[in-house]
Amino acid sequence: MADAVPVRCPACLRENSYIAPVFPCACGSPVTPPLDLAGPPEPLTHRTWSDSWVAVRCTACGRESEWPHPELGCGSCGTVVQIPVHPLETPEPVPGPEPGPAPGRTGEVRPPQRTAPLRPQAPAEPGPAHAPPATPPAAPVPRPAFHPVTIRTARDAVATAALYLRWLGFQDVRQPDGRPIPSAAVDLRAPGLVAQVDPTTAPAGLRAVECVWLNGLTASATSVYFALAGYTQDARTRADDLGIPLFVMDLTGMPQPVNDPADALVGGGA
């Protein structure tokens, strides 16, 4: 697991703690985007799919793959920023074998050097989730870690939000049938829950937050909002006043709480 690094929000200048995501290479080795902490984070005001991916080279096998660009939602103002990444370095050409002696001359021909084969990595030891419980059966079992799903489409964003709500403890989270419309928020419902997911590239505004609050009030349920592009300041202030948990999702599929009600929901669960 990568170490946490400080990232300063360019909007409110708050310093946030950020841990770079780890992706699985096809060879089985972990791949982490090399963060360029000397470069300033860029506010994400308009999301394009081409700019949302970054090429990363596996240090074990040398394979180059496209992975989601590291992003962070500010815990103070809700601004979503992209964290700079070092570009791929062009590998130096590997010299070929030395030519043998000319015909008719005697000499020793050295065979080309062979690189040692990569040793397969030992299987990872089972984590605490697979270890036998050290506490009595009556003790509460800690919630396992959430396993995110990479977001590439609007449907992926809705599916990730539904998985996260189930991880929080909400039962029977239902998604609407059919493909979600990219220009509109999508409803998710469960007993005691009304949630909306905004898969668009514009920050969620005041009206969106008030609408999900009214829907939750009508259903006597908890209101939760997920957004890909963060929230306007008016929306954040209103959500704090109404006690609505706000989450921002990056393309790795890991929702991040951006206000106190969201932190309380993550800590206590459904």
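Look up a bit, the structure's there.
A few points on the structure. (Residues numbered from 1 in each chain as written. Predicted model: local features only at pLDDT ≥ 70, side-chain atom pairs only at ≥ 80, totals over all residues. Heavy atoms only, no water.)

Topic: the overall build of the protein chain
Within the protein chain, the regular secondary structure consists of four helices and 14 strands. Taking all 270 residues of the protein chain together, the buried fraction comes to 37%. Of all intrachain contacts in the protein chain linking residues separated by at least 6 positions in sequence, the fraction that spans at least 24 positions is 52%. Total accessible area on the protein chain stands at roughly 16,500 Å², and carbon and sulfur atoms take up 56% of it. (Helix = DSSP H or I, 4+ residues; strand = E, 2+ residues; numbered from the N terminus. Buried < 20%, exposed > 50% of the residue type's maximum accessible area, 1.4 Å probe, protein only. Contact = heavy atoms within 4.5 Å. Areas by Shrake-Rupley, 256 points an atom, 1.4 Å probe, with all protein chains shown as cover.)

Some words on the pattern of salt bridges
Evaluation of the coordinates by the stated rule reveals three salt bridges. The partner of Glu15 in a salt bridge is Arg8, with the nearest N and O atoms 3.4 Å apart. A relative accessible area of 48% places Glu15 in the partly exposed class. Note that Glu64 and Arg57 form a salt bridge whose closest N and O atoms lie 2.7 Å from each other. On the basis of relative accessibility, which here comes to 26%, the residue Arg57 falls in the partly exposed class. (Salt bridge = Lys/Arg side-chain N within 4 Å of Asp/Glu carboxyl O.)

Focus on the state of the cysteines
Counted according to the given criterion, the structure contains zero disulfides. Looking at the unpaired Cys74, the closest cysteine sulfur is the one in Cys12, lying at 3.5 Å. For Cys74, a relative accessible area of 2% corresponds to the buried category. (Disulfide = S-S within 2.5 Å.)

Re a negative patch on the surface
Taken together, the side chains of Asp240, Asp241, Asp260 and Asp263 define an acidic patch exposed on the protein surface. Broken down by secondary-structure element, the contributors of at least two residues to the negative patch are helix 3 (233-242) and helix 4 (260-268). Using a relative accessible area of 58% as the deciding quantity, one classes Asp241 as exposed. (Patch = residues over 30% accessible without salt bridge, like charges linked within 9 Å, V, L, I, M, F, W, Y side chains within 5 Å. Lys, Arg positive; Asp, Glu negative; His and termini not counted. Charge placed at Lys NZ, Arg CZ, Asp CG, Glu CD.)

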